[in-house]
Amino acid sequence: MTDDGTTAAAATGTLGYEQARDELIEVVRRLEAGGTSLEDSLALWERGEELAKVCRHWLEGARARLDAALAGPAAPGQDAGDTAADPG
């Protein structure tokens, strides 16, 4: 299935989002296709869980960065969205 280096990379979160997502898609495809032994299916499932965690980590980081960028430098006591609603 995968080598130990890739598994270790996923466990530490060093896989890129796209790489983890693409591998997760392949894991799901193989599970849906069936025809694997119970042991292999369980190994695929576990790998899928690891990959999903990596993807979730990347997406949470991206969300935090986006939220921070959208918040921007607001004046003290003022929400970033308040200036757009204030007509003048």
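Look above for the structure.
The following refers to the structure shown. Note that the structure is a prediction, hence the values are computed from the model and not measured. (Residues numbered from 1 in each chain as written. Predicted model: local features only at pLDDT ≥ 70, side-chain atom pairs only at ≥ 80, totals over all residues. Heavy atoms only, no water.)

Another aspect to go through is the packing of helix H2 (residues 17–33) against helix H3 (residues 38–71). Interhelical geometry of H2 versus H3 gives an angle of 150° and a closest axis separation of 9 Å. By the angle between their axes, H2 is roughly antiparallel relative to H3. Crossing geometry of H2 relative to H3 is assigned as left-handed. Between H2 and H3, the contacting residues are Tyr17, Ala20, Arg21, Glu23, Leu24, Val27, Arg30 and Leu31 on the first element and Ser41, Leu44, Trp45, Arg47, Gly48, Leu51, Ala52, Val54, Cys55, Trp58 and Leu59 on the second. When its residues are assigned to classes, the contact of H2 with H3 shows 13 nonpolar, two polar and four charged. (Axes fitted to C-alpha atoms, helices over the stretch in contact; angles between N-to-C directions. Helix = DSSP H or I, 4+ residues; strand = E, 2+ residues; numbered from the N terminus. Parallel < 35°, antiparallel > 145°, perpendicular 65-115°, else oblique. Left-handed = near helix turned anticlockwise from the far one by under 90°. Contact = heavy atoms within 4.5 Å. Nonpolar A, V, L, I, M, F, W, Y, C, P; charged D, E, K, R; others polar.)

The terminal C-alpha atoms of H2 lie 24 Å apart, and with 17 residues this matches the ideal 24 Å at 1.5 Å per residue to within 8%. Taken as a whole, H2 has its buried residues at Ala20, Glu23 and Val27. The arc that holds every buried residue of H2, seen down its axis, measures 70°, which confines them to one face. Residues of H2 that are exposed and angled more than 90 degrees away from the buried face: Ile25, Glu32 and Ala33. Gly34 occupies a position one or two residues after H2 and carries a positive phi of about 70°. (Expected span 1.5 Å × (residues − 1). Buried < 20%, exposed > 50% of the residue type's maximum accessible area, 1.4 Å probe, protein only. Arc of directions from axis to C-beta.)

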